[in-house]
Each structure stands twice: as structure tokens, then as C-alpha cells.
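Commentary on secondary and tertiary structure
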Amino acid sequence: MVRQPRQIGGNCLAPYHHNPPRQRRDRPVDLHPAIVPALASSTVQTGHPCDESLLELSLRLSADTVQEALDRADSRHWTRNPPRSTRARLTYLLKQTRQDAAALADLLQMTSAELNVLRASPQIPADHPLHQTVEREVVRLWQPRVRRRAHATILANNGQMMLSFRAWLGFTAAAGSSDDPRLRFLTLSLQSPHPHALFTARHRDAPEPELRGILNDALGACYFHRNRPTPSGETVSLERIDFLEFHY
């Protein structure tokens with residue numbers, strides 16, 4: 001049984017799917033219809049028209065961490081494609097580390113010998129863990145000025161972002177009681193000041209627990225309390241993330 005998205009409190013879209021089909025993490029997760037824009041015929045919020053070549057780039061937009069999900073959402077605002085082959089991506093990452101192969105090996109969590117073998121390989125399968133690690137770092141570092149300009153433009157225009165996720169949500173009441181975490185598949189509109197807090201924390205490379213705490217507060221305000229004051233002692237926790245995707 002599927003219920004259509006309903007408006008709650010004028011700020012949150014909260015569709016509920018009963019027993020949603022399980023998605024594979026190594027494939028792109030389809031966006032909920034409530035947050036799919038017509039990318040091919042639109043202009044991104046930075047003012048740059050969408051480049052058709054960007055739309056052809058096969059890039060997963062969801063992740064299982066807040067850090068990576070924000071980085072992948074920024075890819076919608078890129079003005080140029082990043083390198084596609086493994087060798088070209090490693091060359092780019094090596095440039096970012098000022099030609100320090102040891103630093104790059106540490107960044108990719110491998111030995112220098114393994115890095116040399118990887119650099120000599122023409123290409124590695126897309127489902128290989130090393131391919132995903134290299135792609136994640138390229139997505140994190142590509143066009144930092146473009147993404148910061150995009151963030152500034154978004155915040156200057158009411159600072160809203162959409163969030164679609166499937167994860168286990170836990171809730172603790174003021175009296176100390178708590179509900180067991182329950183699986184939720186939701187699409188929400190996050191209002192100010194939460195986008196500003198997420199962007200600011202990401203700009204200074206805040207650790208994942210801090211970003212998760214900011215997102216927990218946003219979920220509590222938007223979904224549970226509908227932007228009313230949060231009662232003292234009540235907390236929301238996002239646990240066991242299956243997939244997480246931002247759209248702005």
C-alpha cells in the first residue's frame with residue numbers, strides 16, 4: 001500500500017511507504033517524485049545553465065553518510081565534469097596532495113605499493129571498493145569554489161533544501177522513555193537555519209557525528225515538531241542509514 005505525499009504544517013513533505021522495495025547501494029537510488037526537478041531544461045541555482053555533459057555523467061547521488069551525501073548533492077552545481085578514468089582521477093588527487101604519493105595513499109587508506117599498482121591499471125570495475133573510494137575523494141574535492149558559491153546563493157534565497165532518506169529513526173521523550181528505532185522512508189523540506197548549519201559545518205570539515213547531530217535537530221524540528229519549539233529533553237536520532245540524498 002502506498003500513500004501519496006501529504007503536506008504537513010506547510011513545511012514538510014512526509015510520504016509513508018509500507019514495506020518499500022530494498023535498493024542496492026551500488027546503484028543510484030531513484031529520487032522521490034516530490035524532489036525531482038527537470039534538470040535538463042532548468043537552470044541551477046548558481047545561475048549556470050545545466051550542461052548536458054553533466055547529465056550524462058554516471059554518478060551516484062545518494063550516500064550512507066551526511067558528509068558524502070552533501071558532497072554528492074553539490075555535483076548538481078558543477079560547471080565541468082571531473083575526470084572519469086581511474087588514472088585521470090588519481091592524477092587529479094595527486095595534484096591535490098602536491099604530488100605527495102604517501103599522503104595520497106594515506107588518504108585512500110592503502111599502501112604506497114598498492115597505489116602504484118592502481119595507477120598502472122587502465123581502469124577498475126565500478127563496483128570495486130577502490131573505485132568507490134577514489135570517486136568519493138574526487139567528488140569531495142572537485143570545484144570547491146563553485147560549490148561554495150552555490151551554497152551562498154541558496155542561503156541568500158531562503159536557504160531551503162530537500163532531503164530524501166531511508167533510515168532507522170529513534171526518539172527519546174523528556175521523561176526518558178524512548179521508542180525503538182523504526183524504519184522510515186521520508187522526503188522532507190529542511191528550512192532555515194538548518195541548511196546554513198549543515199553548509200557551515202561541511203565547509204570546515206566537521207566530523208560525521210557533528211553533521212549527524214545537526215541533521216537530527218533538523219529532522220526533529222521539521223518532521224516531529226513541525227517547526228514548533230522543541231520540548232526540553234526530547235531528541236531524535238538518525239540511525240542505520242540505508243541511503244541519504246540532499247537536493248538543493
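Let me begin by describing the structure that accompanies this report. Nothing here was measured: the structure is a model prediction, and the numbers come from that model.

1. Let's talk about the nonpolar core
Counting residues in each nonpolar core, the largest one holds 31 residues, and the members touching the most others are Phe165, Leu190, Leu198, Leu215, Leu219, Leu244 and Phe246. If sequence neighbours within four positions are ignored, Phe246 has contacts with Val66, Ala69, Leu70, Ala73, Arg76, Met161, Met162, Leu163, Leu190, Leu198 and Leu215.

2. Some points on helix H9 (residues 208-224)
For H9, with 17 residues, the first-to-last C-alpha span of 23 Å sits near the 24 Å given by 1.5 Å per residue. Looking one or two residues beyond H9, the residue adopting positive phi is Arg226, at roughly 55°.

3. Digging into the packing of helix H3 (residues 86-96) against helix H5 (residues 112-120)
Their axes nearest at 8 Å, the elements H3 and H5 cross at an angle of 130°. Here H3 lies oblique to H5, going by the angle between them. Counted together, Thr86, Arg87, Leu90 and Leu94 of H3 and Leu115, Leu118, Arg119 and Ala120 of H5 form the full contact between these two elements. Class assignment of the residues belonging to the contact of H3 with H5 gives a composition of five nonpolar, one polar and two charged.

4. A look at unusual backbone geometry
In the segment running from Ser192 into Pro193, the intervening peptide bond is cis, with an omega of 10°. The topology assignment puts Pro193 in the loop between strand E4 (178-190) and helix H8 (194-203). Here the phi dihedral of Arg98 falls at roughly 60°; this positive angle occurs in a residue that is not glycine. Tracing the backbone shows Arg98 in the loop between H3 and helix H4 (101-107).

5. Re the side chain of Glu135
Here Glu135 lies in helix H6 (residues 129-141). With near-sequence residues (within four places) excluded, Glu135 lies in contact with Leu59, Arg72 and Arg89.

6. Brief notes about the packing of H3 against H6
Axis angle and axis distance: for two packed helices, these are the angle between their axes and the distance between the axes, and together they describe the pair. Contact geometry of H3 with H6 gives a least axis separation of 10 Å together with a crossing angle of 50°. The angle between H3 and H6 places the two elements in the oblique class. As for how H3 packs across H6, the hand of that crossing is left-handed. Residues Thr86, Arg89, Leu90, Tyr92, Leu93 and Gln96 of H3 lie in contact with H6, whose contacting residues are His131, Val134, Glu135, Glu137, Val138 and Leu141. A per-class count over the contact of H3 with H6 returns six nonpolar, three polar and three charged.

Quick notes on the rules
Residues numbered from 1 in each chain as written. Predicted model: local features only at pLDDT ≥ 70, side-chain atom pairs only at ≥ 80, totals over all residues. Heavy atoms only, no water. Core = buried A, V, L, I, M, F, W, Y, C linked by side-chain atoms within 4.5 Å. Buried < 20%, exposed > 50% of the residue type's maximum accessible area, 1.4 Å probe, protein only. Contact = heavy atoms within 4.5 Å. Helix = DSSP H or I, 4+ residues; strand = E, 2+ residues; numbered from the N terminus. Expected span 1.5 Å × (residues − 1). Axes fitted to C-alpha atoms, helices over the stretch in contact; angles between N-to-C directions. Parallel < 35°, antiparallel > 145°, perpendicular 65-115°, else oblique. Nonpolar A, V, L, I, M, F, W, Y, C, P; charged D, E, K, R; others polar. Left-handed = near helix turned anticlockwise from the far one by under 90°.

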